[in-house]
Every structure is written in C-alpha cells, then in structure tokens.
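The chain contents come next:
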Amino acid sequence: MSEIVDRQIATKPTATVAQGIAWAKKMGAAQIMIDLAPKFWEIAILKGINPVFSYCQTAYETGYMNFRGTLLDASYKNTAGIKKTDEEIKLIMAKYPNETSSDTVAECHMKFPSWEDSINAQVDHSALYAGLVGYPKKYPEETNDPRHFDWCFGIGKTVLTWAPNYSTNAYGERLIEMMTDVEKTVVAETGAPKVNITLTELRSGMYQESPYTSQVKSMQQLLIAKGFDCGPSGADGSFGAATVSAVKAFQKSRNIGADGLCGIKTWSALLGV
C-alpha cells in the first residue's frame, strides 16, 4: 500500500465532476449518487470544501448510495450518517435500554426532506471542522446540521485530523485512498457527464415563477461566489437583466460565447468541470 499523505479539507476541487461521475460508475454506485454529483460539486465549492472529499465521504458512509449492509436506507436521504441533536438522541435511547450506542439505532439519525438538504448539512459540518470564515452557524436558523457544535470549529482542517473526531483514523486513511482514486480517474472525451440541470432553455425573466427557479438561484450563487454581480437582489431565482449581464461577463472570462444563456458549457464551467 502506498504512503497515506494527509489532505486539507477546505481546498479547490482536486478533481472534476466528470471524474467523480466516472469513478462512481466504475465503483458500481447507485444511479442517485451519479445524478447527485453536480449538486455535491456545486454545494461544496460554494462553501469552500473540496467536493471530492464530500463525495467520497458519502460513498463510504452509504455504500456508494446503494445502502446495502448499512444502518440507514435511502428513505432517510442522509448522505453522511448525520445524527440528531444530543437532546433528541437522549430521549430516543431511553426507549432502547439494551442498546449501548446511538450508532446502532437508526432512529437517532436524521431523516432529511431532500438529498440537497443532507448535502448542505454534511458540507456545513466539514466547513465547521475546517474552521472556515462564517462558521460556526446557528442550528436550525442558519444550518440544517444538528451536530453543529462550537467546539468543533477548526479542530479538523485535514482529513486525518478530522477523522478521529468523526469516526476513526482508519476512516480518514480510507477516504484519502478513495479521493486519490477519483483524482486518477481518466474521463474519455466521449464520456462527458450529462448534468441534471443544464438551463439551456432559460431566458431573461421567462421562468421567474417556473420549476427552474431553484436552478437559476444555484447558478446565481455560483456566479456571485466567483465575483460576478447578479444585481441588488442577489440570488433571487429570477433570470433578470443583471443576471444575464453576469452570465455574459462570466462567459467572456472563460472564453465561452457570451450569449447570456446558461447552457451546458457555461454550467460546466461554473461547476469547475
């Protein structure tokens, strides 16, 4: 086995979403994990965490989201085995006098409304350990991570210093091995991923109240994080004139045709593909 070299958790992506998808397919991941790859990259990048770390953590915790031989199943929409608050766990454990650890009681773990909520909680938890600016956050007002304790701030900036607080040293070593595997994954030119939110049909103002609103908001958040102004309303989910101008400015900075439309090339650039 090659030497394990520790990694910073809060870094730019060390692999592309295309590599993540190709790796997940190679490892026999469930389709939901493949479909969620762009969301992992989007959320982790916005919060300042290496998405490769978050994606591999989920793969480890959930059996590549197949949930075979794991305590939780897909109905929990829990990407990292995140537990409930200490107060809730204490009440739950009182019902199970023969259980010695909340780790083995499924009820002690969060059931999230959506996979996106879970990914946000997971990445917030990592950002807290990494000591990023803006953390810790208040639960539940500012984060949906119920284990968001002030004492965790900055005590796990690397994978190997984070792991013993979350699980074990071996857990951290395994994550680094998985991350390395993702980073070494070669993606064939014909194997570009089909991101599940391409936005190719969006036009200024046309979809303000449509199902595309959340995708527009995600796009605006990525633009703002990269220094492009979407207007005084910020990430409001409306593809207005200021957002069109921000898209064009971003496209020019990446040598993409500056048409103001967020198609596959622009979306991929925003996600760092």
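Everything numeric here is computed off the predicted structure, so don't read it as measured data.

Caption draft 1: Focus on the packing of aromatic side chains. Enumeration according to the criterion identifies 10 aromatic pairs in this entry. With a centroid separation of 6.3 Å and 55° between ring planes, the pair formed by W23 and Y55 is classed as tilted. With W23 in helix α1 (residues 17-26) and Y55 in helix α3 (residues 51-62), this residue pair connects regions lying 32 residues apart in the sequence. The burial state of W23 is the same as that of Y55; both residues are buried. Clustering of aromatic rings is evident, with ring pairs tying together W23, F40, W41, Y55 and Y64. Its guanidinium or amino end placed over the ring of Y135, K137 lies 4.7 Å from that ring's centre, counting from NZ or CZ.

Caption draft 2: Molecular detail of helix α7 (residues 169-184). If you check α7, its first and last C-alpha atoms are 23 Å apart, about what 16 residues at 1.5 Å a residue would give, namely 22 Å. What α7 keeps buried is the set Y171, G172, L175, I176, M178, M179 and V182. Buried residues in α7, looked at end-on, bunch into an arc of 165°, giving them a common side. Against α1, α3 and α6 (159-166) lie the buried residues of α7.

Caption draft 3: Spotlight on the pattern of salt bridges. Within the structure shown, the criterion is met by nine salt bridges. Put simply, E116 and K39 hold a salt bridge, and the shortest N to O gap is 3.8 Å. Of this pair, E116 sits in helix α5 (residues 115-130) while K39 is found in helix α2 (residues 31-47), placing the two residues 77 residues apart along the sequence. Given a relative accessible area of 36%, E116 falls into the partly exposed group. Here R147 makes a salt bridge to D86, at a shortest N to O gap of 2.8 Å. Note that R147 is positioned in the loop between α5 and α6 and D86 in helix α4 (residues 86-93), a separation of 61 residues in sequence. The partly exposed category is assigned to D86, whose relative accessible area is 41%. Residues participating in the shared-partner salt-bridge network are K39, E42 and E116.

What counts and how
- Residues numbered from 1 in each chain as written.
- Predicted model: local features only at pLDDT ≥ 70, side-chain atom pairs only at ≥ 80, totals over all residues.
- Heavy atoms only, no water.
- Phe/Tyr/Trp six-rings, centres within 6.5 Å; stacked < 30°, edge-to-face > 60°.
- Helix = DSSP H or I, 4+ residues; strand = E, 2+ residues; numbered from the N terminus.
- Buried < 20%, exposed > 50% of the residue type's maximum accessible area, 1.4 Å probe, protein only.
- Lys NZ or Arg CZ within 6 Å of the ring centre and 35° of its normal.
- Expected span 1.5 Å × (residues − 1).
- Arc of directions from axis to C-beta.
- Contact = heavy atoms within 4.5 Å.
- Salt bridge = Lys/Arg side-chain N within 4 Å of Asp/Glu carboxyl O.

What is shown is where atoms sit, not what they do.
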